[in-house]
Amino acid sequence: MDTLFLTANEEGIAKAAETIRNGGLCALPTETVYGLGANGFDATAVKNIFAAKGRPQDNPLILHIADFTMLEELVEELPPLAQKMADAFWPGPLTMILKRKPCVPDVVTAGLDTVAIRMPADPVMQAVIRQAGVPIAAPSANRSGKPSPTTAKHVLDDMDGRIDLILDGGACEIGLESTIVNLASTPPALLRPGGITLEQLRMISCDIIIDPALMGVATETPLAPGMKYRHYAPEGAVTVVDGEKEKVVAYIKNAIQKAETKTAIIAPDGYFLETDADLVLSLGDSATSAAQRLFAALRACDDAGVKRIYAVDCGTKGIGLALCNRLYKAAGFQIIDLEEDL
Ligand code: TXA
Ligand code: MG
C-alpha cells in the first residue's frame, strides 16, 4: 500500500480522522512518542496494528481519549484515586489501567479484564480523536523491538508501505512513552516510568509500589505484558557506564580504543571533547533534553551501522527514572558500575 505523508495542518488532521473512521491505520504525533492509531472499537482495524508492527497479539494496547464522556463509555467505574490522577495529570503523559466495560474489544486488551487509557495533551492528537469521534487504540508507531519513534521520519523509516497515513506534527516534546499506573490493583503500581514522574505520582498517592522488574530485577510475571519483550534495542550492543565523570570518561575511552569495530558514545554535553569513537551523540545538558534525544540517538547508531555503543548513566531523579529504564532495556541490563567495588 502507498503511505500518505501529510503535515499536521487542518487538512491533514481531517484526513487522519476520516482514515481512522474508515478502519485505516494512521501514525499520529503525541507529546510522548508517535502512536500507530486505529478506531478502538473496530476489532479488524486494531488487528491490523499488530500486523503492521509485527507485535505479539498478547501485548495489549492503550486507548486514547479526548474527554471524560469517552472514558465513561470504556470503564466500569472511576476509582477516587483515578479521578484525582486524571485531575492532576490529564491531558498528559499518564496512562491508567482500569477495569474495562464489555464493549472494549478483546483484541485491544489481549483478553484482560482491564484496559489502558490515556488522554494525550498534544493538540493534533486531541483534534484527530475528536474528529474521529472514537477512542483511538495506539501503540508506539515503531516496528516491534525498535526504539519508539519521536519524529515522523522515524515512523516513515519503520512503516512506509505498511500503513495508510503518517501525520507529521514535528518532534515529540517529551520523547519517552507515557507513565503507566495500574489502578485496578491495590496498592496502585507503577508499571512503566515516563513523562509523569514518580515524585509527581507520589504527591497524589504515597503508597504506589514499583515493579522491581522495571530496573532489571528478574520477576516471574511482569505486571505489564509488554515488559517481557525485548525493547528499545538497537542492532549494536549497548553498555551503560555509571560512576564519577572522570572514571566514566576514562573507562569508555579505553573500551573504545580496544574495540575493533564501529563504536558510538551516547552522553550528556561536555563529557567527550576528544575521542576515537566513530559517532558521538549528545544528550544535551539536562534530563529533559536527554529524554527528547535518546531514541533518536539509538536509531542514529543503527543508521551508521554501529556495533558497540557506550552510554553514560543519567541518574534516576524525575524523568531520569524513565530515561534509565529505557537505556537499561536497550542495554539488556548490561550496566558497568565503576563505584561498585570500592
Ligand atoms: O506514550 C505512550 O504511552 C505511547 C503513545 C502512543 O501514547 N504509547 C505506547 O504504547 O507506548 P505501547 O503499546 O508501545 O505501550 C503500552 C504498554 C505495553 O507495555 C502494554 O503491555 C501495556 O502498556 N498495557 C496495555 N494495556 C495493559 C493492561 N490492561 N494491563 C497492563 N499493561 C497494559
Ligand atoms: Mg511500544
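The coordinates are above.
Worth saying up front: this structure is predicted, and the values here are computed from it rather than measured.

Listed as buried for helix 2 (residues 43-53) are A45, V46, I49, F50, A52 and K53. Take helix 2 and look down its axis: the buried residues cluster within an arc of 170 degrees, on one side only. Structural note: helix 2 exposes T44 and A51 on the side pointing more than 90 degrees away from its buried face. Summarising the contacts, the buried residues of helix 2 are in contact with strand 3 (35-39), helix 5 (106-109), strand 7 (136-137) and helix 7 (152-159). Measuring from the backbone nitrogen of T44 back to the side-chain oxygen at the start of helix 2 gives 3.1 Å, which picks out D42 as the cap.

Turning our eyes to something else, we now look at the environment of L63. Residue placement: L63 occurs in strand 4 (residues 62-64). Each C-alpha atom of the pair L63 and I136 lies 5.4 Å from the other, and the pair is 73 residues apart in sequence. Apart from residues lying up to four places away in sequence, L63 is in contact with G40, L74, V104, V108, V115, A116, I117, R118, P135, I136 and A137.

With that settled, the discussion passes to the packing of helix 1 (residues 10-21) against helix 6 (residues 123-132). Where helix 1 meets helix 6, the closest approach of the two axes is 8 Å, and the angle between their N-to-C directions is 50 degrees. The angle between helix 1 and helix 6 places the two elements in the oblique class. Helix 6 is crossed by helix 1, and the crossing has right-handed handedness. Along the contact surface, helix 1 presents I13, A14, A16, A17, I20 and R21, while helix 6 presents V124, A127, V128, Q131 and A132. Residues belonging to the contact of helix 1 with helix 6 are distributed by class as follows: nine nonpolar, one polar and one charged.

Regular strands show a simple pattern: their side chains alternate between the two faces of the sheet. The element strand 3 is extensively covered by neighbouring structure, given that five of its five residues are classed as buried. Bridge count for strand 2 (residues 26-28) against strand 3 is three bridges, and the pairing is antiparallel. Paired with C26 across the bridge in strand 3 is G37. Taken together, the two bridges between strand 3 and strand 7 define a ladder with antiparallel strand orientation.

Chemically, a disulfide is nothing more than a covalent bond linking the sulfur atoms of two cysteines. Inspection of every chain in the model, using the stated rule, returns zero disulfides. Between C324, a free cysteine, and C314, which holds the nearest cysteine sulfur, the sulfur-to-sulfur gap is 6.5 Å. When its relative accessible area of 1% is taken as the criterion, C324 is described as buried.

On the basis of which strands lie adjacent, the open sheet formed by five strands has the order 14-13-15-12-16 and parallel pairing. Only two strands of the sheet have a single partner each, and these edge strands are strand 14 (279-282) and strand 16 (335-337). Here the average twist between neighbouring strands, direction ignored, is 20 degrees. Two elements, strand 13 (residues 263-267) and strand 15 (residues 308-312), share four bridges in a ladder whose sense is parallel. Within strand 15, the position partnered with A264 by the bridge is I309. Strands in contact with helix 11 (residues 320-330) are strand 12 (237-242), strand 15 and strand 16; relative to strand 12, the strand with the most contacts, it is inclined by about 135 degrees.

Spatially, 1-8-2-3-7-4-6-5-9-10-11 is the arrangement adopted by the eleven strands of the open sheet, whose pairing is mixed. Each having just a single partner strand, strand 1 (4-7) and strand 11 (209-210) make up the two edges of the open sheet. Contacting strand 1, strand 2, strand 3 and strand 8 (165-168), helix 7 crosses the sheet at an angle of about 165 degrees to strand 8.

Of the pairings in the sheet, the one linking strand 12 to strand 15 comprises five bridges and is parallel in character. Bridge pairing links A237 to R308 in strand 15. When strand 12 meets strand 16, the two strands line up parallel, connected through three bridges. Bridge pairing in strand 16 links V240 to I335.

What counts as what
Residues numbered from 1 in each chain as written. Chains lettered and ligands numbered in written order. Predicted model: local features only at pLDDT ≥ 70, side-chain atom pairs only at ≥ 80, totals over all residues. Heavy atoms only, no water. Buried < 20%, exposed > 50% of the residue type's maximum accessible area, 1.4 Å probe, protein only. Helix = DSSP H or I, 4+ residues; strand = E, 2+ residues; numbered from the N terminus. Arc of directions from axis to C-beta. Contact = heavy atoms within 4.5 Å. Polar contact = N/O pair within 3.5 Å; in protein donor to acceptor, adjacent residues only side chain to side chain. Axes fitted to C-alpha atoms, helices over the stretch in contact; angles between N-to-C directions. Parallel < 35°, antiparallel > 145°, perpendicular 65-115°, else oblique. Left-handed = near helix turned anticlockwise from the far one by under 90°. Nonpolar A, V, L, I, M, F, W, Y, C, P; charged D, E, K, R; others polar. Pairing = 2+ DSSP bridges. Disulfide = S-S within 2.5 Å.

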